[in-house]
Amino acid sequence: MSDWKRDRRRGAHSEERESRSVGLSRWSHCRKRGVDGNLRSSSKVDGREKDNDRHIEGSHRYPDGRHSSFTTPESTGPVTRCSQQADWGSQVEDDEMRRDVHRDMQRYRRRILGAEVTERERKTSSGSSESNDSKEGDNIETDEAVLLRRQKQINYGKNTLAYDRYIKEVPKHMRQAGIHPKTPNKFRKYSRRSWDQQIKLWKVKLHAWDPPSENGLNEVLDNIEEPDLGDVMDIELDFPSLADSQNASVSLRTHLLSVEDDDCLGTPVKVQRTESTVEADMA
Amino acid sequence: MENSSDDYRIQSFDLDTQVLLKTALKDPNSVNLEKVCSIIVDQSLKDQVFSKEAGRICYTIVQAEAKQNNGNVFRRNLLNRLQQEFKGREETRARSIQEWVCYVTFICNIFDYLKVNNMPMVALVHPVYDCLMRLANPDALMNEEEVDCLVLQLHRIGEQLEKVNSQRMDELFFLLRDGFLLQEGLTSMARLLLLEILEFRAGGWMLSSTAHKYYYSEIAD
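The structure reproduced in this document is the subject of the present report. (Residues numbered from 1 in each chain as written. Chains lettered and ligands numbered in written order. Predicted model: local features only at pLDDT ≥ 70, side-chain atom pairs only at ≥ 80, totals over all residues. Heavy atoms only, no water.)

**A closer look at the overall build of chain A**
Helix and strand counts for chain A stand at 10 helices and two strands. The N-to-C order of helical and strand elements in chain A reads α-α-α-β-β-α-α-α-α-α-α-α. Counting only residues that meet the buried cut, chain A has 39% of its 283 residues in that class. For chain A, the proportion of contacts with a sequence separation of at least 24, taken over those separated by at least 6, is 65%. As displayed, chain A offers around 16,900 Å² of accessible surface, 49% of which is attributable to carbon and sulfur atoms. (Helix = DSSP H or I, 4+ residues; strand = E, 2+ residues; numbered from the N terminus. Buried < 20%, exposed > 50% of the residue type's maximum accessible area, 1.4 Å probe, protein only. Contact = heavy atoms within 4.5 Å. Areas by Shrake-Rupley, 256 points an atom, 1.4 Å probe, with all protein chains shown as cover.)

**Notes on the environment of Asp27 of chain B**
Residue and element names in this part refer to chain B. With respect to the secondary-structure elements, Asp27 resides in the loop between helix H1 (15-26) and helix H2 (33-46). Separated by 38 residues in the primary sequence, Asp27 and Glu65 have C-alpha atoms spaced 7.8 Å apart. A polar side-chain atom of Asp27 sits 2.5 Å from a polar atom in the side chain of Gln68. (Polar contact = N/O pair within 3.5 Å; in protein donor to acceptor, adjacent residues only side chain to side chain.)

**Regarding the packing of aromatic side chains**
Applying the stated rule across the entire model yields 10 aromatic pairs over all chains. Seen in terms of ring centroids, Tyr190 of chain A and Trp195 of chain A are 6.3 Å apart; in terms of plane orientation they differ by 35°. Their pairing is tilted. A relative accessible area of 1% means that Trp195 of chain A is categorised as buried. An aromatic cluster is defined as three or more aromatic residues linked by ring pairs; in this entry it consists of Tyr163, Tyr166, Trp202 and Trp209 of chain A. When the ring centre of Phe173 of chain B is taken as origin, the NZ or CZ atom of Arg201 of chain B, which lies over that ring, is 4.7 Å away. (Phe/Tyr/Trp six-rings, centres within 6.5 Å; stacked < 30°, edge-to-face > 60°. Lys NZ or Arg CZ within 6 Å of the ring centre and 35° of its normal.)

**Comments concerning the nonpolar core**
Residues and elements named next belong to chain B. Within the largest apolar cluster, 73 residues are counted, with the highest numbers of intra-cluster contacts made by Ile40, Ile57, Phe74, Leu78, Leu154 and Leu176. Residues from two domains meet in this core; each of domain 1 (11-100) and domain 2 (117-220) gives at least three. Apart from residues lying up to four places away in sequence, Phe74 is in contact with Leu33, Val36, Cys37, Ile40, Cys58, Ile61, Val62 and Glu65. (Core = buried A, V, L, I, M, F, W, Y, C linked by side-chain atoms within 4.5 Å. Domains from an automatic or database assignment.)

And the structure:
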């Protein structure tokens, strides 16, 4: 248990630091791409270890052995130590992302405004007097910097084996609200904290579809003593502060494992409960 | 529907490599894309025929990879390799005019084929212009190889280039006019090529039928 807590406290960035120095972190088997941006194949584990070392050795190093580039949460591939991305590969990728975001925005606008028109028509024809102002059209996030940042965060979550397995297993029309993770909508106006929180929770939920690991990960987590969370889960969790949310995600995670151990399916009921408290808070 | 391998001009490779390339076109994830990229770039720098059409095979691999798993390993490797070669272009030119010409042909071919959402790749615009400007320098105009390369690229991608940056195109053509008028020691072929490209651009990136007759119908009379 103590090992576990230490890792969680280090936060998400520890994943990057670990894979930087060694090539394999506890979670790197879930990552679709290695530190050099190359795709990992999910089948080989041991073979992959060697491949990753070779990748790291092959990529450019400074004379003192430091890496010259890393793949960070915000980038879609390796980036240089300074934030200025001088390599053409990254420039083109960034440009492509910018264009994709703009194109997404056009589509989203059309979809929303189209929906609003039908909504209005329906209201007037049915004589409804509701002044229900859910005008999404007025509430679209348009700041390019914000949209790009959000898109990068989404890409990072989608660039996982878990996500690949998830979308293959659960087609969109079969998804149930609350149970199945849903990608946060980057076009809605949210505060920075609210958005970051949604991303965090979404990624935690996606972990339920992590591929089974061969390097003893499950053993380690099995060895953690599981408290009896039955009564605890009945208490409404108060999510807002980040400190609390980290503890909450710990309990969420160990709970997911106990669910697996009990041979229950996926992430249903218990996740749903935490999720509903979050949504009540976010509304 | 399928392009025959002839379209990709891979006959110049040995058989094993041809198999590798064909696999890359159909199933990119099953091969080492970094290696495939290396093979293609290396060959483009040696083989003038291949460098003229290598863009097409690159395009197909990029599309195939994107479709298969949304990846762009090949594209990233390709662009970064192009950048590497670009940085060392002056040395390359000093070492071998032919290799330099192959490089320019290749990067322009990539510019032509590899688009992002139907727009040219921004990262390549200035480098391509830099290469063409180099070809328009006095010392380069003395080599028919380089003049020939220059006008060929302008025929193929001049219009697109002008659209994304007309100012640099203007600058390039200042150099070409100067070269045509003032450069001593130009061969008559070189002067002919320059005159043709000047007319070509002036005509909106096409030749009038009379101009075409002048430059291209040798056989008629």
